[in-house]
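Residue strings, one per chain:
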Amino acid sequence: MQRPNQPRLTFHGAAGTVTGSRHLLEAAGLRVLVDCGLFQGLKRLRLLNWQPPGFEPGFLDHVILTHAHIDHTGWVPRLMQYGYRGPLHCTPPTAELAEIMLMDAAHLQEEDAASANKRGFSKHHPAEPLYTTMDALTALKLLAPSPYGHWLELGPGVRARFGNAGHILGAAFVEVRIAHEHLQNPPPGGTVNEGETTLVFSGDLGRYGVPLHTDPDPRPVCDVLVIESTYGNREHERESVLDQIRDAFAATVRRRGIVLIPSFAVGRAQLIGLILRDLMRQGDLPEVPIHIDSPMAIDATLIYSRHLYDGNLDAEIVEDGRSRLFPRRVHLHRTVHESKMLNNLAGPRVIIAASGMMTGGRILHHLIRRLPDHRNLVLLTGYQGAGTRGRALQDGAETLRMHGRNVDVEAKVATIQGLSSHADADEIMTWIKTAGRRPSRVFVVHGEEESAQALAGRISQETGAATTIPDLGDSFEF
């Protein structure tokens, strides 16, 4: 296959949607894929996971992963099925988190296929998993960890390095530099770094001044910026968590109900456990047992604890020489038997389980058990993508379909705003401006239509950069 010398950027995911991040950079005879995520949410998006990727995986030279979330890594085992055998570059914490997340994703794929075959609610006979645990294990062997700030020589004239994005443990933005001497037609004008064209892929950006994770590193100066827009048209709620949930939480406790919290296992579960235990310890919330029912969240917490002193986590997580990531009186449930036993426990108590958008996992069993009871409360704690069960609950759904049947929604539903690990519109603009020099070209990705359009308009107005919102499959030379 011919390898173009003129730099080209093609968007095979997270274009016009907030999921399935995949950006293909072709330059100086190399093909580099930045992120390889799973499409989630709406059925039309999930079906894309079964389609060919739009490029030849066997001809890729490198894959760079910005962080471990499934919408950025979850299609990697499928990439192996198409013949990719090159390195998977990422930060060391991302390599550790990717192991538990990809193995869990593969297990869920196998479990869902088996359940569909057993219950007969799949349109495909037999139902097959998108990939297996063996595929995930094959992918994990290709992980190539690299620390923040270390230049990776990807090939003649092309190098890349990670910067701390502050989103979750190990999350990174990626700076790529392409030497003009290796281009057939080098740029006629000046670039921000003499003799090189510089691109920055933001990955998912974190927030400023929040617990658990540190602030993002400043943006490197660049000619081309690929920026996420998950919250490109919104500002996060600044009201305290206590003020948001005090009344609903207390009412649920009085009814002796269950507070059920769907949560992302990495980053969010750790943050929620810390906040709730602190509020209870201070007497701001009634003291009730907290149960974290997620093997992945437990494993992720252990990984977080191993990186307490890496500079990627808030220093306040360590108190009196011990980690606050495992608060006292929080019960951890790893086995299926322990999870099932929670269904027999009466309230009041808190159950935190994955997944955060209720696309699968143990949270579904708890929802089936707890949603029909008006005494209970479901607390949503972050962004709920279009087409997910979480979005349906936020929008007032009266029933929720799970495991082939409809479940009545009688429980109360509320959302804690401001816990997202994604930067909001103001924080994105703050990060863009940290470089002090605007990029010449900006591509706005990883956002639903309204979010992407709002952020693109703001970037264009406030920086003067040429701004584009690519559609799926769009390709650009520069």
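This text gives an overview of the structure that appears in the document.

Applying the stated rule across the entire model yields two cavities of 30 Å³ or more. In this model, the second largest cavity occupies a volume close to 80 Å³. In this structure, the second largest cavity is lined by 15 residues; those nearest its centre are Ser21, His23, Asp35, Gly203 and Val445. Per-class residue counts for the lining of the second largest cavity are five nonpolar, seven polar and three charged.

Attention now goes to the sheet that holds strand β21 (residues 412–415). Strands in a sheet are paired, the pairing made by backbone hydrogen bonds, and the direction either parallel or antiparallel. Here six strands make up an open sheet; going across it, the order is β16-β13-β17-β12-β18-β21 and the pairing parallel. Both outer strands of the open sheet, β16 (330–333) and β21, are each paired with one neighbouring strand and no more. This sheet shows a mean twist of 20 degrees between the axes of neighbouring strands, independent of strand direction. As defined by bridge partners, strand β13 (residues 290–293) adjoins strand β17 (residues 349–353) across four bridges and the pair is classed as parallel. Pairing of isoleucine 292 across the sheet is with isoleucine 352, part of β17.

What follows deals with the state of the cysteines. Every disulfide links exactly two cysteines, by a covalent bond between their sulfur atoms. Under the counting rule described, the total for this entry stands at zero disulfides. No disulfide involves cysteine 36; its sulfur sits 13 Å from the nearest other cysteine sulfur, which is in cysteine 90.

A word on the sheet that holds strand β22 (residues 441–445). One open sheet holds the seven strands; their spatial order is β7-β8-β9-β10-β11-β22-β23, and the pairing between them is mixed. Edge positions in the open sheet fall to β7 (152–155) and β23 (466–468), since each of these has one partner strand only. Within this sheet the neighbouring strands show an average axis-to-axis angle of 20 degrees, counted without direction. Taken together, the six bridges between strand β9 (residues 172–179) and strand β10 (residues 196–201) define a ladder with antiparallel strand orientation. Along β10, the bridge assignment pairs alanine 179 with glutamate 196. Sheet strands in contact with helix α12 (residues 425–433) are β9, β10 and β11 (224–228), and its direction is about 160 degrees off that of β11.

Relative to the helices and strands, threonine 430 resides in helix α12. Expressed as a C-alpha distance, the spacing of threonine 430 and arginine 219, which sit 211 residues apart in the sequence, is 9.6 Å.

Once that is clear, we can look at the packing of aromatic side chains. Within this structure, the stated rule accounts for five aromatic pairs. Taking 5.2 Å as the distance between ring centres and 45 degrees as the angle between the ring planes, the aromatic pair formed by phenylalanine 11 and phenylalanine 443 counts as tilted. Of this pair, phenylalanine 11 sits in strand β1 (residues 8–11) while phenylalanine 443 sits in strand β22; the two residues are 432 residues apart in sequence, bridging distant segments of the chain. Overall, phenylalanine 11 belongs to the buried group, its relative accessible area being 0%. Owing to a relative accessible area of 1%, phenylalanine 443 belongs among the buried residues under this scheme. Through pairs of rings, three or more aromatic residues link up here, namely Phe11, Phe443 and Phe476.

Bringing the packing of helix α6 (residues 241–254) against helix α7 (residues 268–281) into the picture now. Packing of α6 against α7 leaves a shortest axis separation of 12 Å and a crossing angle of 70 degrees. Put simply, α6 runs roughly perpendicular to α7. Across the interface between the two elements, Val241, Leu242, Ile245 and Phe249 of α6 pack against Ile275, Leu276, Leu279 and Met280 of α7. Of the residues in the contact of α6 with α7, the class split is eight nonpolar, no polar and no charged.

In the structure shown here, the tally under the stated rule is 20 salt bridges. The residue arginine 177 makes a salt bridge to glutamate 175 at a minimum N-O spacing of 3.0 Å. Each member of the pair, arginine 177 as well as glutamate 175, is classed as buried. Two residues, arginine 277 and glutamate 287, come together in a salt bridge whose shortest N-O distance is 2.5 Å. Within this pair, whereas arginine 277 is found in helix α7, its partner glutamate 287 is found in the loop between α7 and β13, the two being separated by ten residues in sequence. Residue glutamate 287 is classed as partly exposed on the basis of its relative accessible area, which comes to 36%. Linked by salt bridges that have partners in common, Arg159, Arg161, Glu175, Arg177 and Glu196 make up one network.

How each quantity is defined
Residues numbered from 1 in each chain as written. Predicted model: local features only at pLDDT ≥ 70, side-chain atom pairs only at ≥ 80, totals over all residues. Heavy atoms only, no water. 1 Å grid on protein atoms, 1.4 Å probe; cavity = no way out; pocket = protein on both sides within 12 Å on 5 of 7 lines; lining within 4 Å. Points joined across faces, edges and corners; volume = space filled by probe spheres on them. Nonpolar A, V, L, I, M, F, W, Y, C, P; charged D, E, K, R; others polar. Pairing = 2+ DSSP bridges. Helix = DSSP H or I, 4+ residues; strand = E, 2+ residues; numbered from the N terminus. Axes fitted to C-alpha atoms, helices over the stretch in contact; angles between N-to-C directions. Disulfide = S-S within 2.5 Å. Contact = heavy atoms within 4.5 Å. Phe/Tyr/Trp six-rings, centres within 6.5 Å; stacked < 30°, edge-to-face > 60°. Buried < 20%, exposed > 50% of the residue type's maximum accessible area, 1.4 Å probe, protein only. Parallel < 35°, antiparallel > 145°, perpendicular 65-115°, else oblique. Salt bridge = Lys/Arg side-chain N within 4 Å of Asp/Glu carboxyl O.

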